[in-house]
Structures are given as C-alpha cells and as structure tokens.
Amino acid sequence: ISGLLGIQVAFASKAAPCHSPKWLTHSTLVLTVASLPPLVSTMSHGAFAGLALVLCALIGAVWVVAREGAMGNPRFRQLIHWCCGGVVAVALMFAFDAFQIRTKVLALDRYYNEQSKELGGAAASRTGVWHDSINTIMKYPLFGIRITGDREVITSEYAAQGGYLSHNVFLDYGRFVGIPGMLLLALFFFRPVIQMYQSGRLAQYLPFILAHFAMFIFWMSLSFQFYKTFWVLWMLMTICVILPHSRARSPSLKRPTIPKMNRTAPIHLST
C-alpha cells in the first residue's frame, strides 16, 4: 500500500512522464481503505505506531512533490481533498458516535485489554523482550552472545523457555554480534535509500522509499530478517539507483568511423 501511494504521489510531480491512470488511482484508494480495518482492529501499540509513522511519511512525501509543482496537477489536488475529507468525516462520525463507531472501538479496546490480561504479557507488549535485548547489548556491546558464548539473562515471560526473539531485527543482531554488527546491518539496510537521496531525484524514487519505510516498520516489529519480499525490494532499489550511473560511465557503443580515402591522391603499389 505504501508503494502504491508512493506511485500516486510521484506521478503528481512535474518530472513524471505521464499522469497516473484512473484505474490505478481508484485501486489505490480502495486498497488503502480496505487495509485500515484489519490494521486498526488489532488494537496493538505497534499497529497504531506503524499507522502514525506511515501517515507522517506520506505527509513528507506530499511535501516533497509539492516543491516539484504537484499542486498544479488537478488530479493530485482532488486526491488531497478526498483524503482530507475522509479524515474529517471519520473524526466527526467518531465524535458523534455515528453508526456506533465510537462504541465499537471502545468495545474492541476493552476486549483487547481483557485478552491481554488472560494470555499474559507475551500477547500484550514487546516491552519485556526489548528490555532484555537492550540489557544484553549493553553487557556485550562489541561481540554479542553468539561470539562470547555466554548465556543472557531473561527476565520476561520467556525465561522458562530459555530463549526468545526480540521482535526487532536490529536488536536481534545487536544481541548476537554486538553493536558493530547492528550498525553494519543498519548501513546495509538504508544504503539504497541513501543513494536515492543523494541522486537528487527524490520525487521519482518516492514509491521505493515509502515501501522501504514500511519494511523498516516491519523490521522494527518482527524478527524476520530473511523475509523475501524485503530483499526483492532492496535489490530492485539498488538496481534502479545504480543503473543510471553505470550507463553514464560506460563508453558509448558506436560504429567505428572509417576514414575516407582521397581518390585524387596517387596510389603506390608495392612490388
């Protein structure tokens, strides 16, 4: 969804070769609205924080293309008006409890709190494992537990199991190989974004950057560093940002020019 929204925003800039197709705009709006209920219905702190971060990223993307003259695009202005109108409509319906929206949201909140108390802290929050992860990183900052072979102290509900995942890829790497490994992972993770920012074509790369930002939220919430979707996106970003530079550096493949012979000059034949 972040990638689709990025495409819509990028199409609004003056650098876009054409306007966004209507079917793509309509599909993006429908899919975005359809993705919100399952995200918000989890009633978890991570879902709300991720949603807030995505909204902030989209606001930043709109600001970037606004400098590229996007406000002169009538379809883009219409998209902004629809989005603002939708936010205002939802806020008013929640305030006046239209269609019992506020009642249902509060009921979901009570249900989530009751389920969290029954199932324990593992279903409620990642605070415990993040606390243990940070303690392990501070205790073994250079090498981590995988290199030292020591056993880390577990104070969360996973103490009985003798091991846990941080639900955060960066914290997992910090536990296993120390702060240097965690920093190298972060540099590797953000390398394509840094290259896209330095290219000076930020508006054109917004679809990739917004999708990458969504993957960053994913990595901050789960321990799936081998998630194939992210690595496909990472490779596509790397190819797209490097290809223009490689073309600029490669010599032009032109047909060799053959010098014309002067027909009036005498021809000397060797014996």
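Not measured: the values here are computed from a predicted model. (Residues numbered from 1 in each chain as written. Predicted model: local features only at pLDDT ≥ 70, side-chain atom pairs only at ≥ 80, totals over all residues. Heavy atoms only, no water.)

## Digging into the overall build of the protein
Along the backbone of the protein there are 11 helices and zero strands. When the helices and strands of the protein are read in sequence order from the N terminus, they spell out α-α-α-α-α-α-α-α-α-α-α. Across the 271 residues of the protein, 30% fall into the buried class. Sequence separation of at least 24 residues holds for 65% of the intrachain contacts in the protein that already meet a minimum separation of 6. (Helix = DSSP H or I, 4+ residues; strand = E, 2+ residues; numbered from the N terminus. Buried < 20%, exposed > 50% of the residue type's maximum accessible area, 1.4 Å probe, protein only. Contact = heavy atoms within 4.5 Å.)

## Describing a nonpolar patch on the surface
Residues Leu-142, Phe-143, Ile-147 and Val-177 make up a contiguous nonpolar surface patch of roughly 390 Å² in combined accessible area. Residue position: Leu-142 is located in the loop between α7 (127-139) and α8 (144-148). (Patch = residues over 30% accessible without salt bridge, like charges linked within 9 Å, V, L, I, M, F, W, Y side chains within 5 Å. Areas by Shrake-Rupley, 256 points an atom, 1.4 Å probe, with all protein chains shown as cover. Salt bridge = Lys/Arg side-chain N within 4 Å of Asp/Glu carboxyl O.)

## Examining the side chain of His-212
As for its placement among the helices and strands, His-212 is situated in helix α10 (residues 206-221). Contacts of His-212, omitting those with residues within four sequence positions, involve Phe-189, Phe-190, Val-193, Phe-230, Leu-233 and Met-237.

## Digging into the packing of helix α1 (residues 2-11) against α10
At a minimum axis distance of 7 Å, the contact between α1 and α10 shows a crossing angle of 155°. When the interaxial angle is binned, α1 and α10 end up roughly antiparallel. As for the relative orientation of α1 and α10, their crossing is right-handed in sense. Across from Ser-2, Gly-3, Leu-5, Gly-6, Ile-7, Val-9 and Ala-10 in α1, the residues of α10 making contact are Leu-206, Pro-207, Leu-210, Ala-211 and Ala-214. Here the residues of the contact of α1 with α10 are counted per class, giving nine nonpolar, three polar and no charged. (Axes fitted to C-alpha atoms, helices over the stretch in contact; angles between N-to-C directions. Parallel < 35°, antiparallel > 145°, perpendicular 65-115°, else oblique. Left-handed = near helix turned anticlockwise from the far one by under 90°. Nonpolar A, V, L, I, M, F, W, Y, C, P; charged D, E, K, R; others polar.)

## What about the packing of aromatic side chains?
How two aromatic rings sit relative to each other is set out by the distance from centre to centre and by the angle between their planes. Per the stated rule, a full pass over the model turns up 15 aromatic pairs. An angle of 55° between the planes, with centres 6.1 Å apart, marks the rings of Phe-189 and Phe-216 as tilted. Taken as a pair, Phe-189 in helix α9 (residues 169-198) and Phe-216 in helix α10 lie far apart in primary sequence, 27 residues in all. Here Phe-189 falls in the buried class, since its relative accessible area comes to 1%. Taking relative accessible area as the criterion, Phe-216 reaches 22% and is therefore assigned partly exposed. For the pair Trp-219 and Trp-231, a centre-to-centre distance of 5.9 Å together with 65° between the ring planes defines the contact as edge-to-face. (Phe/Tyr/Trp six-rings, centres within 6.5 Å; stacked < 30°, edge-to-face > 60°.)

## Some words on the environment of Ile-179
Mapped onto the secondary structure, Ile-179 falls in helix α9. For the pair formed by Ile-179 and Phe-143, sequence separation is 36 residues and the distance between their alpha carbons is 7.6 Å. For Ile-179, the contacting residues outside a window of four places in its chain are Ile-137, Pro-141 and Gly-174.

## Some words on the environment of Arg-191
Within the secondary structure, Arg-191 sits in helix α9. Placed 43 residues apart in sequence, Arg-191 and Trp-234 show a C-alpha to C-alpha distance of 9.1 Å.

## Here we look at α9
Here α9 contains 30 residues, and its C-alpha end-to-end distance of 26 Å is more than 12% below the 44 Å for a straight helix at 1.5 Å per residue. By the largest-angle criterion, Val-177 marks the main kink of α9, which is about 135°, and a proline, Pro-180, follows within four residues. For α9, the N-terminal capping position is held by Asn-168, with its side-chain oxygen 3.0 Å away from the main-chain nitrogen of Phe-170. In the stretch just after α9, Gly-200 is the one whose phi turns positive, near 80°. (Expected span 1.5 Å × (residues − 1). Bend = angle between axes of the 7 residues up to and from the residue. Polar contact = N/O pair within 3.5 Å; in protein donor to acceptor, adjacent residues only side chain to side chain.)

## So, the nonpolar core
Counting residues in each nonpolar core, the largest one holds 19 residues, and the members touching the most others are Phe-170, Met-196, Trp-219 and Phe-230. Elements with a minimum of two residues in this core: α9, α10 and α11 (228-249). Looking at which element gives the most residues to this core, the answer is α9, with eight residues. (Core = buried A, V, L, I, M, F, W, Y, C linked by side-chain atoms within 4.5 Å.)

## Looking at the confidence of the model for the protein
Averaged over the protein, the pLDDT score is 78; the fraction of residues at 70 or greater is 83%. Mean pLDDT values over the elements of the protein span from 47, in helix α6 (residues 121-124), up to 91, in α9. (pLDDT = per-residue confidence, 0-100.)

## Digging into unusual backbone geometry
The phi dihedral of Asp-97 falls on the positive side, at around 55°, and the residue is not glycine. Along the chain, Asp-97 turns up in the loop between α4 (74-95) and α5 (101-119). Of the residues examined, Asp-97 reaches a relative accessible area of 22% and is grouped as partly exposed. One non-glycine residue, His-167, adopts positive backbone phi at about 55°. With respect to the secondary-structure elements, His-167 resides in the loop between α8 and α9. Residue His-167 is classed as partly exposed on the basis of its relative accessible area, which comes to 23%.

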